[in-house]
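Structure assessment
The lines below spell out each chain.
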Amino acid sequence: MADAENNNQDQLTVNTIRALCMDMVQKANSGHPGAPMGLAPAAYVVFKHFLKQNPANPSWVDRDRFVLSGGHASSLLYSLLYLFGYGLTLDDLKQFRQWGSKTPGHPEYGDTAGVETTTGPLGQGVANAVGMAIAERHMADRFNKDEQSLIDHYTYAICGDGDLMEGVAQEAVSLAGHLGLGRLILIYDDNEITIEGKTSISFTENIKAKFDALNWHVVEVADGNDLNAIEKAIHSAKDAVSRPSLIKISTHIAYGSPSKQDSPDAHGSPLGEEEIKVVKKFYGLPEDKDFYVPDEVLEDTRKALAYGEQYEKNWQEVFTKFKGLYPEEANLFVDAITGFLTNGWDKDIPVFKPEDGPVATRAASGTVLNAIAPKLPALMGGSADLAPSNKTYMTCAEEFQKDAWAGRNIRFGVREHAMGAIMNGMYLHGGVRPFGGTFLVFADYMRPAIRLASLMRLPIIYVFTHDSVAVGEDGPTHQPVEHVASLRAIPDLTVIRPADANETAFAWKKALGTLNSPTALILSRQKLPTLDLSNSDGDMIWGGYTVKSAGKTPDMLIIATGSEVHISVAAADILEKEHNIKASVVSLLSWELFEKASPAYKARIFPATVTKRLTVEAGISMGWEKYAGSQGKSISIERFGASAPGGTVLKEFGFSVDNIVQTALEM
């Protein structure tokens, strides 16, 4: 900052941001004013002096990313987006936290230009930022040439004490340090306050020593109002090219408030009109003007539009030269950043035949993945230390490691929650299509990240193997019972539990062809036969179809998923041959897809006249009543599992041909 005049201008802008945040929360009578008031200087320095973006085109591919992990401080982000020309208006700020506004209580991806990710659940934004930095390093290593750099940007994230207490953040920063993500800069708002009081009641870690040990570069700023010191710290972070950086800034929550500065009372409630007047006077702003923005402030911050236009223009010139020199790679680059499935991506997916013998759907998934991977270079992912079991390793690709960032196989380590949140960040960055695997029972560890992927409608692919009590000897700690039902409960998440290798191939094709929601593949550990569909009706593309038809007027329906489809078919054969009962068997591999089918198709698979319906799934029955109907029954598991060989466990819980036959006869 060159001189006193600029410092005065900068300080006026910082105080204007603080006042806008206070006014937004006060008008809404709801929100979190304290953090924005303390963080305004740091956030302003990032936006004014470092952030390479084009506000007129916030999705420009080579922009710097900015993540507000503590999403409760959303009024700060909205004020910055308004001032720097991202399309928000003062009226939008006045509609803070109101129905249908562009300024919801926590930043929501897709609602507001300039919001890179949905944040609010603490720690998620930190892990999202790590994912963005992973995608940036991968894209740079994959496409940049010595003379032409298509990817040359940073990821900035602001977090607070609460973020760093969350386990997901700890998992993510550990991986980031291991990977040497030098383009990641995390600004830590060290205000020593949480909702319950001083952080000293629960959080006394030596953050600097901790991040040093995690292979991060750490810079400390003693005064969060010192704009020059913050600027120098960020320059230092950008110079630390081999490590991610943490800038630890000591701030004051609700800075300038005579009664609430440094108090937990400032965290989540308005300051009050009289208090705001006192604070505005302290800031040197008119006391009786709400949403006041000096002309000189707006004139200065809106210069970002001209700078941004030039940033993107310069990049377009680089891309034009790149395209001329490397036309094939330029096409792949466009495919990657647009999410286009490169032509021929699915041509090598095999068709499995019954005579090929039984195959576990996790193994079929690995076969399909490795048929796709060479043809779809944007596909990138791995497993939470379970790749040999999940079958998620791409044999055509190298590992993504420090200084080997072009690799596509990520070793997430035993970090399920971070894996989920990192994948969200990877996709939000653009250029990669992430997938990640673990055992189904550990989906619980990553549920908040799955929920956010669904909320943002991100096409993440989850590979969940070891899908039932058939896991066997590992016992109830590793046997999922309630997990499929709990995943089905998440809005906009498509859950697919295939019954054989061909349904698994379909599941992968459907997942990759879906660009507006995540997909969970639920896969077996045990080998399963390939279904004989010579007497089938319908098509698996609708999420449910008849794998064994007993004609248009069957006596009953047996409805199953996954491994239970096979014993249901065997039971139907016995019912027909030995008891003259005609039973059609339905593979309902995806409820979500089936519910999108036409009413006529649903009626074809579930004729209203057939009221005897038996559902069979090795998990809790919750939700199955919709398909069983008032006269139906369910073979399910309503308790935790047990340690024994998988086949024994299934039989003891009633998942046998004999029990299906007996239950059908009782009906």
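Residues numbered from 1 in each chain as written. Predicted model: local features only at pLDDT ≥ 70, side-chain atom pairs only at ≥ 80, totals over all residues. Heavy atoms only, no water.

1. Considerations on the environment of isoleucine 185
Rule in force here: Helix and strand labels come from DSSP, where a helix needs a run of H or I of at least four residues and a strand needs a run of E of at least two; each type is numbered from the N terminus. It only takes one pair of heavy atoms within 4.5 Å for two residues to be counted as in contact.
Mapped onto the secondary structure, isoleucine 185 falls in strand E3 (residues 184-190). Excluding anything up to four places from it in sequence, isoleucine 185 contacts Tyr154, Thr155, Tyr156, Ala157, Ile234, Ala237, Lys238, Ser245 and Ile247.

2. Considering the sheet that holds strand E12 (residues 433-439)
What counts, and what does not: Each pair of strands is called paired provided DSSP finds at least two bridges between the two strands.
Spatially, E10-E11-E9-E12-E13-E15-E14 is the arrangement adopted by the seven strands of the open sheet, whose pairing is parallel. Each end of this open sheet is capped by a strand with a single partner; those strands are strand E10 (399-400) and strand E14 (494-496).

3. Let's talk about the packing of helix H5 (residues 124-143) against helix H13 (residues 327-338)
For clarity, the threshold we go by: Helix axes are fitted only over the stretch in contact, all axes being lines through C-alpha atoms; the angle between N-to-C directions runs from 0 to 180 degrees. Roughly parallel here means an angle under 35 degrees, roughly antiparallel means over 145, roughly perpendicular means 65 to 115, and every remaining angle is called oblique. Left-handed describes a crossing whose near helix is turned anticlockwise from the far helix through less than a right angle; right-handed describes the clockwise counterpart. Residue polarity is assigned by list, with Asp, Glu, Lys and Arg as charged and Ala, Val, Leu, Ile, Met, Phe, Trp, Tyr, Cys and Pro as nonpolar; anything else, Gly included, falls into the polar class.
Direction vectors running N to C along H5 and H13 enclose 165°, while the axes themselves pass 11 Å from each other. Judged by the angle between their axes, H5 and H13 are roughly antiparallel. Every pair of crossing elements has a handedness; the one defined by H5 and H13 is right-handed. Touching Met139, Arg142 and Phe143 of H5 are Glu329, Leu332, Phe333, Ala336 and Ile337, all from H13. Within the contact of H5 with H13, the residues separate by chemical class into six nonpolar, no polar and two charged.

4. Quick word on the environment of lysine 313
Note that lysine 313 resides in helix H12 (residues 303-325). Along the backbone, lysine 313 and asparagine 54 are 259 residues apart, and their C-alpha atoms lie at a distance of 9.8 Å.

5. With respect to empty space enclosed by the protein
The line we're drawing: Here a cavity is any set of points on a 1 Å grid over the protein atoms alone where a 1.4 Å probe fits but cannot get out, and a pocket is any open set with protein on both sides within 12 Å along at least 5 of 7 lines; a residue lines the site when it has an atom within 4 Å of a point. Grid points are joined across faces, edges and corners, and a volume is the space filled by probe spheres set on the points. These domain limits were set by an automatic method or by a database of domain assignments.
Taken as a whole and assessed by the stated rule, the structure comprises four cavities of 30 Å³ or more. In terms of lining residues, the largest cavity is bounded by 17 residues, among which Val481, Val484, Glu617, Ala618 and Gly619 are the most central. Counted by class, the lining of the largest cavity contains nine nonpolar, three polar and five charged residues. Counting only domains with at least three residues in the lining of the largest cavity, you end up with domain 2 (354-522) and domain 3 (540-666).

6. Considering the layout of surface pockets
As a volume, the largest pocket reaches approximately 540 Å³. As for the largest pocket, its lining consists of 29 residues, of which Ile337, Tyr427, Leu428, His429 and Gly430 are closest to the centre. For the lining of the largest pocket, the secondary-structure elements that each account for two or more residues are H13 and helix H16 (416-429). If one sorts the elements of the lining of the largest pocket by residue count, H13 sits on top with four residues. Looking at the lining of the largest pocket residue by residue, the class counts come to 15 nonpolar, nine polar and five charged. The residue makeup of the lining of the largest pocket includes at least three contributed by each of domain 1 (1-308) and domain 2 (354-522).

7. Focus: the domain arrangement of the protein
Quick reminder of the rule: Buried area is a sum: the accessible area each of two parts loses on coming together, probed at 1.4 Å, counted once for each and added. Any N or O atom pair separated by 3.5 Å or less is treated as a polar contact, with the protein-specific requirement of one donor-capable and one acceptor-capable atom, and with residues adjacent in sequence counted only for side-chain atom pairs.
Domain annotation of the protein identifies domain 1 (1-308), domain 2 (354-522) and domain 3 (540-666). In this assembly, 33 residues from domain 1 lie in contact with 34 residues from domain 2. Buried area between domain 1 and domain 2, both sides added, is near 2,800 Å², and the carbon and sulfur share of it is 64%. Linking domain 1 with domain 2 are 16 residue pairs in polar contact (both at pLDDT 80 or more). Broken down by secondary-structure element, the contributors of at least two residues to the side of domain 1 that touches domain 2 are H5 and helix H7 (167-179). Examining the composition of the side of domain 1 that touches domain 2, we find that 14 residues originate from one element, H5, more than from any other.

8. Some details on the UniProt feature "site: Important for catalytic activity" (unreviewed entry) in the protein
Quick note on the threshold: UniProt positions are given in the numbering used here, feature names are shortened, and annotations may be inferred rather than shown by experiment. With a 1.4 Å probe rolled over the protein chains alone, any residue whose accessible area is under 20% of its type maximum counts as buried; one over 50% counts as exposed, and the rest are partly exposed.
As annotated by UniProt and renumbered to match this structure, "site: Important for catalytic activity" (unreviewed entry) occupies His32 and His267. Taken together, the annotated residues stretch across 236 residues yet fold into one region, lying no more than 5.3 Å apart by C-alpha. For the second largest pocket, the lining residues drawn from the annotated set are His267. Looking at where histidine 32 falls in the secondary structure, it is placed in the loop between helix H1 (4-28) and helix H2 (34-49). Among all residues touching histidine 32, those that are not within four sequence positions of it are Val25, His72, Ser75, Arg97, His267 and Gly268. For histidine 32, the side chain forms a polar contact with the side chain of arginine 97, separated by 3.4 Å. Position of histidine 267 relative to the elements: it lies in the loop between strand E7 (245-250) and helix H10 (273-283). Its relative accessible area of 17% is what places histidine 267 among the buried residues. Residues contacting histidine 267, with those up to four places away along its chain left out, are Gly31, His32, Pro33, Gly34, His72, Ile195 and Ile253.

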